[in-house]
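Residue-level structure breakdown
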Amino acid sequence: MKTKEIIIEKAREEFLEKGFQEASLRKIANQVGITATALYRHYSSKEDIFEAVVELAVKEWEALCVNEEIRQTGNARKNGIEAMWRDDLQTKTMVDLIYKDFEIQKILFFRSKGTKYENYLHELVTRVQTATLKFMKEIEEDGVAINHVDEKEMHLILSAQYSALLEMVDHDFSYDEAIHYAETISVFFTEGWRKFLGF
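Residues numbered from 1 in each chain as written. Predicted model: local features only at pLDDT ≥ 70, side-chain atom pairs only at ≥ 80, totals over all residues. Heavy atoms only, no water.

1. Some words on the packing of helix H4 (residues 46-79) against helix H7 (residues 102-110)
Here H4 crosses H7 at 100 degrees, and the two axes come no closer than 9 Å. One finds that H4 runs roughly perpendicular with respect to H7. Between H4 and H7, the residues in contact are Phe50, Val53, Val54, Ala57, Val58 and Trp61 and Ile104, Gln105, Ile107, Leu108 and Phe109, respectively. A class-by-class count of the residues in the contact of H4 with H7 yields 10 nonpolar, one polar and no charged. (Axes fitted to C-alpha atoms, helices over the stretch in contact; angles between N-to-C directions. Helix = DSSP H or I, 4+ residues; strand = E, 2+ residues; numbered from the N terminus. Parallel < 35°, antiparallel > 145°, perpendicular 65-115°, else oblique. Contact = heavy atoms within 4.5 Å. Nonpolar A, V, L, I, M, F, W, Y, C, P; charged D, E, K, R; others polar.)

2. Some points on the side chain of Thr115
With respect to the secondary-structure elements, Thr115 resides in the loop between H7 and helix H8 (120-141). Of the residues examined, Thr115 reaches a relative accessible area of 9% and is grouped as buried. Reaching out from Thr115, the side chain makes a polar contact with the backbone oxygen of Ser112 at a distance of 2.8 Å. (Buried < 20%, exposed > 50% of the residue type's maximum accessible area, 1.4 Å probe, protein only. Polar contact = N/O pair within 3.5 Å; in protein donor to acceptor, adjacent residues only side chain to side chain.)

3. Things to note about the packing of helix H6 (residues 89-100) against helix H9 (residues 151-170)
As a packed pair, H6 and H9 sit with axes 11 Å apart at the nearest point and diverge in direction by 40 degrees. As judged from the angle between their axes, H6 and H9 are oblique. Where H6 crosses over H9, the two elements pack in a sense that is right-handed. Along its contact with H6, which presents Gln90, Met94, Val95, Ile98 and Tyr99, the element H9 presents Tyr162, Leu165, Leu166, Met168 and Val169. Classifying every residue of the contact of H6 with H9 by side-chain character gives nine nonpolar, one polar and no charged. (Left-handed = near helix turned anticlockwise from the far one by under 90°.)

Next up, the structure:
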């Protein structure tokens, strides 16, 4: 392995155990077998190392947001609103993403305080909310009756939904447990959303 790859491996272990704020660059360097000064030849700061650790997970979440918006709105346009509500593929897609590299997800969402990612869940929720409001405007213009909702209220409910999904990460659920509880969450929130949004 190259030195940079070893640094990321050891940093990942340190961030997972202690979180960003308490992680020690000196300990990471010792684990790699180099000095702290040598560590800075590869990465300019602890933040830089953290970003390298979570980079792939962030890209995957960004791609999921884009792909799911296209897929779900496309399904609604092609097969009708009811088909969109019956669609449960997103739940499994999210669980699969999380369990593809469970430890990195835990670092990103639960060990990132002090980094630019400490509010990443809020950023994801905001993206979902923006896409939802855009779609609601589109279908209303097509003649579908919708409820005009308070944006703060929508953000609160979306945050509750996504936070509930991430509980499986915080509590180290197995994949099978995660699928089961994610489906429960999906059923619960889908019915709530239908009543709340009115379509």
